[in-house]
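Structural features, examined
Given next are the chains, with one letter for each unit.
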Amino acid sequence: MNVLFLTLVKIDTLQQRGIYHDLMREFSRHGHHLYIVSPSERREKVKTSIKTEENTRFLNVKTLNIQKTNFIEKGISTLTIEKLFLRAVKKYFSDVKFDLIIYSTPPITFTNLIKYIKKRDHAKTYLLLKDIFPQNAVDMQLMSDKGVLYKYFRNKEKELYTISDKIGCMSKANVDFVLDHNSYISEDKTEINPNSIEIQLFKELSHEEKSKIKAKYNIPVDKMIFIYGGNLGKPQGIDFLIETLDAKKNDTKVFFIVVGSGTEYGKIKSWMDINQPENVLFLSALPKKEYDQLVQACDVGLIFLHKDFKIPNYPSRLLSYLEFKMPVLAATDNNTDIGSDIVANGCGFAVESGNIGEMIKAVDQLAEMDNTIFEEMRQKSFTFLERDFQVSGSYEKIIESIS
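Summarised in this report is the structure supplied together with it.

**Here we look at the pairing of strand 6 (residues 124–129)**
Burial runs high along strand 6: five of the six residues are buried. Bridge count between strand 5 (residues 100–105) and strand 6: six bridges; the pairing is parallel. Bridged to Thr105 within strand 6 is Leu129. Where the polypeptide runs from strand 5 across helix 3 (residues 111–121) and back to strand 6, its parallel neighbour, the crossover connection is right-handed. As paired strands, strand 6 and strand 7 (residues 166–169) are joined by four bridges and run parallel to one another.

What follows is the structure in structure tokens.
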């Protein structure tokens, strides 16, 4: 098949790892011809470009900044990106008849582009629902559900769901949310198609190798190491992350690593500068290879979500923790099922974001856990990944949905 994939994640090769890179590589392996359209953001200072890698063509379209930028520029970019993508697709792929269009949220504003290709080529359409907008902006008080902007984006969201032949949701809670809030969608239009990866069988690091990595970052070798890696924005509930670090800053049994970037980066740095805790390491975003090495030297993966979310987020960072056989501690809102999934699969703990008493208790339980029980939890993490999050399963669901 000729497969068109639209995403906001910059992709210019399939040699890298990531949930979209891995999925497209799976399509490539099965012999499909891929046409991947993604942005080259303004900060990169490069023009629209196209390149080929085996059976895949990458079209990187020059856009405004849309990731990790202020809300105003993000909003303008969200409104303008569809026209830029449509113009580029017409220019560079005018001779291609597409059989399947796959697209992920964000954004929800690709509707006219998808309609155009769907009508022209009679293509099947598959939505990978990774973000429920504009409700997430309402939850974060970035938008009022009474305003004109909300109504505009809500109509776009409905339109996107309507033109999608199938909607792949990250979890059962996501399926339920979509159906509960969009009565016009039939149940058979939705399915669970979670974040997924091509599992790498990493050679586990020896004690000496872990010690070498810890020495590089001045991380102690005799404490349980908790790591939070990823976006540091308002949706991640950074205030509660800081509250957790503050509550445990004098605990000599544990050590925390926070690595990432985002709009709340300065808030954490300010707390670090004022408190100068001896058991916290704060790093800006690392290259993936370096980050993966650092994660392998740690013991427990942390997930934080803002307590006010009504939409059921399911952060993909869970997968990297599971891949390295790490127990997970999640502090989330009450609407997501990522925490209950972690507990049900025996690979960690979940607490309500904002409940510092429960968070302290969970940290202490992990820090004082018997080695045998901790090792069982590690193995259950990897079993959870193997069963539920393999990219081959995501590929098969998409193919079955259009058969």
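**A short note on unusual backbone geometry**
Between Pro106 and the following residue, Pro107, the backbone shows a cis peptide bond with an omega angle of 0°. Within the secondary structure, Pro107 is located in the loop between strand 5 and helix 3. Looking along the chain, the bond that leaves Phe133 and enters Pro134 is cis, with omega of 15°. Positionally, Pro134 belongs in the loop between strand 6 and helix 4 (135–139). A positive phi angle, close to 55°, is found at Glu54, a residue other than glycine. Structurally, Glu54 is set in the loop between strand 3 (49–53) and strand 4 (56–63).

**Quick word on empty space enclosed by the protein**
Here the structure, examined in full by the defined rule, presents two cavities of 30 Å³ or more. Estimated volume of the largest cavity: approximately 50 Å³. If you go around the largest cavity, the residues you meet are Ile19, Tyr20, Leu23, Leu128, Lys130, Asn193, Pro194, Asn195, Ser196 and Ser394. Of the residues forming the lining of the largest cavity, the biggest block, three residues, is contributed by helix 1 (residues 19–29). Taken together, the residues of the lining of the largest cavity break down into five nonpolar, four polar and one charged. Lining the second largest cavity, in full, are Lys130, Asp131, Ile132, Met170, Asn174, Ile311, Pro312 and Asn313. Across the lining of the second largest cavity, the residue classes tally to four nonpolar, two polar and two charged.

**Description of the pattern of salt bridges**
For the coordinates displayed, the defined rule picks out 27 salt bridges. A salt bridge links Lys269 to Asp273; its shortest N-O distance comes to 3.1 Å. Pair noted here: Lys269 and Asp273 are both in helix 9 (residues 265–275), with a separation of four residues, about one helical turn. Residue classification places Lys269 among the partly exposed residues on the basis of a relative accessible area of 39%.

**Regarding the sheet that holds strand 13 (residues 328–332)**
Across the sheet, six strands lie side by side as 11-10-9-12-13-14; this open sheet has parallel pairing. Edge positions in the sheet fall to strand 11 (280–284) and strand 14 (348–352), since each of these pairs with one other strand and no more. Averaged over all adjacent pairs, the angle separating strand axes in this sheet is 20°, with direction ignored. Here strand 13 pairs with strand 14 via five bridges, running parallel. Residue pairing across strands places Thr332 opposite Glu352, the latter belonging to strand 14.

**Remarks on the sheet that holds strand 3**
On the basis of which strands lie adjacent, the open sheet formed by eight strands has the order 3-4-2-1-5-6-7-8 and mixed pairing. Two strands bound the open sheet, and with one partner strand each, they are strand 3 and strand 8 (190–192). Each adjacent strand pair in this sheet contributes to an overall mean axis angle of 20°, direction not counted. Sheet strands touched by helix 3: strand 1 (2–6), strand 5 and strand 6. Its angle to strand 5, the strand with the most contacts, is close to 170°.

**Description of the packing of aromatic side chains**
Enumeration according to the criterion identifies 15 aromatic pairs in this entry. Judged by centre distance (5.0 Å) and plane angle (75°), the rings of Tyr35 and Phe93 are edge-to-face. Taken as a pair, Tyr35 in strand 2 (residues 33–41) and Phe93 in the loop between helix 2 (71–92) and strand 5 lie far apart in primary sequence, 58 residues in all. Judged by its relative accessible area of 0%, Phe93 falls in the buried class. With 5.1 Å between their ring centres and 20° between their planes, Phe85 and Phe110 make a pair best called stacked. With a gap of 25 residues between them, Phe85 in helix 2 and Phe110 in the loop between strand 5 and helix 3 connect regions that are remote in the sequence. Relative accessible area serves as the criterion here: at 0%, Phe85 is assigned to the buried category. Clustering of aromatic rings is evident, with ring pairs tying together Tyr35, Phe93 and Phe98. The side chain of Lys51 reaches across the aromatic face of Phe58, ending 5.8 Å from its centre.

Reading the values: rules and limits
Each chain has its residues counted from 1, following the order in which its sequence is written. Totals for whole chains, interfaces and linings use all residues, but because this is a predicted model, local features are given only for residues with pLDDT of at least 70 and pairs of side-chain atoms are given and counted only at 80 or more. With hydrogens and water excluded, all non-hydrogen atoms of the structure serve as input to the side-chain values. Only protein chains enter the accessibility calculation, which uses a 1.4 Å probe; a residue whose area is less than 20% of its type maximum is buried, one above 50% is exposed, and one in between is partly exposed. Only DSSP runs of H or I covering at least 4 residues are called helices, and only runs of E covering at least 2 are called strands; the numbering of each starts at the N terminus. When DSSP locates at least two bridges between a pair of strands, those strands are taken to pair. For a crossover, the right-handed case is the one in which the path from the first strand over the helix to the second runs clockwise, viewed with the strands pointing away from the viewer. Only protein atoms enter the 1 Å grid, on which a cavity is a set of points fitting a 1.4 Å probe that cannot get out and a pocket is an open set with protein on both sides within 12 Å along at least 5 of 7 lines, lining residues being those with an atom within 4 Å of a point. Grid points are joined across faces, edges and corners, and a volume is the space filled by probe spheres set on the points. Polarity classes work like this: nonpolar for Ala, Val, Leu, Ile, Met, Phe, Trp, Tyr, Cys and Pro, charged for Asp, Glu, Lys and Arg, and polar for all others, with Gly in that last group. Between Lys or Arg on one side and Asp or Glu on the other, a salt bridge is scored when a side-chain nitrogen of the former is within 4 Å of a carboxyl oxygen of the latter. Only the stretch in contact is used when a helix axis is fitted, and all axes are lines through C-alpha atoms; the angle between N-to-C directions ranges over 0 to 180 degrees. For this analysis, residues touch if any pair of their heavy atoms sits within 4.5 Å. By convention, a stacked pair of Phe, Tyr or Trp rings (six-membered ring in the case of Trp) has centres within 6.5 Å and planes under 30 degrees apart, an edge-to-face pair has planes over 60 apart, and any other such pair is tilted. Counted as over-ring charges are cases with an Arg CZ or a Lys NZ within 6 Å of the ring centre that also lie within 35 degrees of the ring normal.

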